[in-house]
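What follows is the residue order along each chain.
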Amino acid sequence: MTTELSPAVTRIRAQIGGVQSGLADWAVELGRQLAGVRGKVHGSAIDALALPAVEAMLGDAERYITGAGFIAGSGLVAADRSYIAWWQGPDLERVDALANFSTSSMDRYLRAEWFRVPFETGEPHATGPYIDFLCTDEYVMTFTHPVVLQAGGPVAGIVGADISVQSLERMLLGSLTALGPTATLVNKGGRVIVSAADALEPGDLVTEGDFTTSLDIGNHLVLLLDPVT
Amino acid sequence: MDHHRASSRGLSAVFAPIRTGGLAEEVTRRIEQALETGLLRGGQRLPREVELAAALGVSPVTAREALSILRERGLITTVRGRNGGSFIIDGYLPSTDLALQNLQATTRLQINDLGLHYEAIASACAGIAARRADAADLHRLHQYLRPHEDTLLSWRLVDSEFMLEVGAIARSARLGRELVRMQADLGTLTVLPYTDDVFRESSVGHRNEVAGAIGDGDVLAAQNATRDLIHTMVSWLLRRRARELPMTKG
């Protein structure tokens, strides 16, 4: 059996893939719901549409999601204004709510990779690991997906979910250890997310060339195995 | 992409949900912080009581109380009628008067001790950042050497954002949170040195050295340059407290 097909790799792919496909499904559903809103889309309508889905995500312990929501790009609610409908934690705490009243709220998200990349490219994205100073103050990965109101239309906003690196360790360390003492999950930049190796801390940088095997996990993450000796 | 419009990640503390304690005072404090950091601007209309209450998860009574405290402090004005509401007063600036009062009310011992704590946390972050920085990290860090606008608010934002960026590069959540807390403890004091042109330019030099050392992966140099940056600020505050330095800009 090749490494590619080992059960541990399949498990890791299913767990990361599950988060991303869940978001993709929600993006489609929310886009359809928003397209069905008559007249101008108000913040309260966005809240009412987004909250049940977020509640389900945060309530599902299997999914390890610490925060999730929708952020409207400029144009959906008003020109040059964004709108954030994002909640975190088991008590569904509302995040960054005063920003919805700020005339400069757009700037807060435009420069954030997790918003900017899916908004500009129309492609899903994984950001991190990074310290989320805006919401949780935790070390997290943020998965985001563009939302369009009709197929081929402009991106109206993004949906996203935060997973703490701590949760990713709980989720994946067993599978990594099964693959070998140095099996390491990194992002495309070679930044360690979870590693079976004691010497590698989350946040460290590794060189892909130092490992003999490198497997894609979804479109954004890489599993490194068997260090060059 | 404009990185220097006044908005800050340090605001997470401002917009975190409110759970316990003197709620109206807490709402007030957050709106004041949003003003100090430029998220809310002069002339801007505040949400109605009900909206504000819903957004922050407090009761409308609490929101009304907070608005009335802000009105008493002269930060907002309320206009009646159909196009009425509460507005941030025009031309709001971070208050150097308030900061000066705080400075005089703080003992030399407290200022020194705050400085030492800040130095310890910030230089630890800088040391780790020197090991972990990649090209994108360095690019972002260099955005915060000096502001694009020559205003007090912009200089102060660059000051706090630069250090938060160092914390972000270090990627330790605990140290990052501690940095945010330290900046809150220093509060408005950090606005004062930036009234001084000489300090402004010297701070750019120090930030440049910190960024350079992090770029070189030089842990010790990054730590030392960060200590120098903070030490310069603390010395300025102590000298100003002794009234040995003039304030050149309001």
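Keep in mind it's a predicted model, so treat the numbers as computed, not measured.

Caption draft 1: Fine view of the overall build of chain B. A tally of regular secondary structure across chain B gives eleven helices and two strands. Its helices and strands taken in sequence order, chain B reads α-α-α-α-β-β-α-α-α-α-α-α-α from the N to the C terminus. Within chain B, the fraction of its 250 residues that count as buried is 54%. The contacts of chain B with a sequence gap of at least 6 include a subset with a gap of at least 24, amounting to 75%. For chain B, the exposed surface amounts to about 11,300 Å²; the carbon and sulfur share of it is 52%.

Caption draft 2: Molecular detail of helix 11 (residues 219–241) of chain B. Residue and element names in this part refer to chain B. For helix 11, with 23 residues, the first-to-last C-alpha span of 33 Å sits near the 33 Å given by 1.5 Å per residue. Here helix 11 has its buried residues at Ala222, Ala225, Thr226, Leu229, Ile230, Met233, Val234, Trp236, Leu237, Leu238 and Arg240. In this fold, the buried residues of helix 11 make contact with helix 5 (96–105), helix 6 (108–132), helix 8 (152–170) and helix 10 (197–216). Its side-chain oxygen placed 3.4 Å from the backbone nitrogen of Leu220, Asp218 serves as the N-cap of helix 11. Arg243 sits one or two positions beyond helix 11 and adopts a positive phi of about 60 degrees.

Caption draft 3: Region of interest: the packing of helix 8 of chain B against helix 11 of chain B. All names here are of chain B. Helix 11 packs onto helix 8 with a crossing angle of 150 degrees between their chain directions and a minimal axis gap of 13 Å. One way to sum up the angle between helix 8 and helix 11 is to call them roughly antiparallel. Of the two elements, helix 8 crosses helix 11, and the hand of that crossing is left-handed. Two secondary-structure elements touch here, helix 8 through Asp159, Phe162 and Met163 and helix 11 through Thr226, Leu229, Ile230 and Met233. For the contact of helix 8 with helix 11, the per-class residue count stands at five nonpolar, one polar and one charged.

Caption draft 4: Inspection of the environment of Ala126 of chain A at higher detail. Residue and element names in this part refer to chain A. Considering the arrangement of structural elements, one finds Ala126 in strand 4 (residues 125–131). For the pair Ala126 and Thr177, spaced 51 residues apart in sequence, the C-alpha to C-alpha distance is 23 Å. Not counting residues up to four positions away in its chain, the partners in contact with Ala126 are Glu113, Met141, Thr142, Phe143 and His220.

Caption draft 5: Fine view of the side chain of Glu165 of chain B. Residues and elements named next belong to chain B. Structurally, Glu165 can be placed in helix 8. The class for Glu165 is buried, based on a relative accessible area of 2%. In this structure the side chain of Glu165 is engaged in a polar contact, spanning 2.9 Å, whose partner is the side chain of Arg140.

Caption draft 6: Examining the sheet that holds strand 6 (residues 155–164) of chain A more closely. Residues and elements named next belong to chain A. In space, the six strands of this open sheet follow the order 3-2-1-6-5-4, with antiparallel pairing throughout. Of all the strands in the sheet, the pair left with one neighbour each is strand 3 (93–94) and strand 4. Two elements, strand 5 (residues 139–148) and strand 6, share nine bridges in a ladder whose sense is antiparallel. The partner of Met141 across the bridge, within strand 6, is Ile163.

Caption draft 7: The arrangement of helix 3 (residues 49–56) of chain B in detail. Residues and elements named next belong to chain B. Taken as a whole, helix 3 has its buried residues at Leu52, Ala53, Ala55 and Leu56. With its buried residues spanning 165 degrees around the axis, helix 3 presents them on a single face. Opposite the packed face of helix 3, turned more than 90 degrees from it, sit the exposed residues Val50 and Ala54.

About the thresholds
- Residues numbered from 1 in each chain as written.
- Chains lettered and ligands numbered in written order.
- Predicted model: local features only at pLDDT ≥ 70, side-chain atom pairs only at ≥ 80, totals over all residues.
- Heavy atoms only, no water.
- Helix = DSSP H or I, 4+ residues; strand = E, 2+ residues; numbered from the N terminus.
- Buried < 20%, exposed > 50% of the residue type's maximum accessible area, 1.4 Å probe, protein only.
- Contact = heavy atoms within 4.5 Å.
- Areas by Shrake-Rupley, 256 points an atom, 1.4 Å probe, with all protein chains shown as cover.
- Expected span 1.5 Å × (residues − 1).
- Polar contact = N/O pair within 3.5 Å; in protein donor to acceptor, adjacent residues only side chain to side chain.
- Axes fitted to C-alpha atoms, helices over the stretch in contact; angles between N-to-C directions.
- Parallel < 35°, antiparallel > 145°, perpendicular 65-115°, else oblique.
- Left-handed = near helix turned anticlockwise from the far one by under 90°.
- Nonpolar A, V, L, I, M, F, W, Y, C, P; charged D, E, K, R; others polar.
- Pairing = 2+ DSSP bridges.
- Arc of directions from axis to C-beta.

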